[in-house]
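# Per-entry structural report
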Amino acid sequence: MIVCVCNNVSEKKIHQAVAMGVTTMSELREQLDVGTCCGKCAGCARKVMRECMDSN
Ligand code: FES
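The present account deals with the structure reproduced in this document. (Residues numbered from 1 in each chain as written. Predicted model: local features only at pLDDT ≥ 70, side-chain atom pairs only at ≥ 80, totals over all residues. Heavy atoms only, no water.)

## Quick notes on the environment of M1
Its place among the elements puts M1 in the segment before β1 (2-4). The sequence separation of M1 and K13 amounts to twelve residues, and the corresponding C-alpha distance is 9.9 Å. When sequence neighbours within four positions are dropped, the list of residues in contact with M1 reads S10, E11 and C44. (Helix = DSSP H or I, 4+ residues; strand = E, 2+ residues; numbered from the N terminus. Contact = heavy atoms within 4.5 Å.)

Laid out in structure tokens, this is it:
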């Protein structure tokens, strides 16, 4: 599933970023540019990141 349409960031990419050690939204933004355009995906991206971190 695509989380950030503007920057074409999928749920899978967020999972990969978490696996690489990303733990905060600002790190995620730096890595994937998620939420840097319209910002609508920020809540969803945070949720995906949290869920992913919880399952580790
Ligand atoms: Fe992510 Fe627009 S959908 S910045």
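Let's pick the thread back up.
## Details of unusual backbone geometry
The phi dihedral of N8 is positive, around 55 degrees, even though this residue is not glycine. Residue position: N8 is located in the loop between β1 and β2 (9-10).

## Description of the packing of helix α1 (residues 11-19) against helix α3 (residues 42-54)
A pair of packed helices is characterised by two quantities: the angle between their axes and the separation of those axes. Where α1 contacts α3, the axes come no closer than 9 Å and their chain directions differ by 50 degrees. Between α1 and α3, the interaxial angle falls into the category oblique. At the point where α1 passes α3, the crossing takes the right-handed sense. Where α1 approaches α3, its residues E11, I14, H15 and V18 are matched on the opposing element by A45, V48, M49, C52 and M53. Of the residues that constitute the contact of α1 with α3, the class distribution is seven nonpolar, one polar and one charged. (Axes fitted to C-alpha atoms, helices over the stretch in contact; angles between N-to-C directions. Parallel < 35°, antiparallel > 145°, perpendicular 65-115°, else oblique. Left-handed = near helix turned anticlockwise from the far one by under 90°. Nonpolar A, V, L, I, M, F, W, Y, C, P; charged D, E, K, R; others polar.)

## Concerning the environment of L32
Tracing the sequence through the fold places L32 in helix α2 (residues 25-32). L32 gets classed as buried once you look at its relative accessible area, which sits at 18%. Taking C-alpha positions, L32 is 8.0 Å from K13, a pair spaced 19 residues apart along the chain. Not counting the four nearest positions on each side in its chain, L32 is found in contact with N7, V9, K13, I14 and A17. (Buried < 20%, exposed > 50% of the residue type's maximum accessible area, 1.4 Å probe, protein only.)

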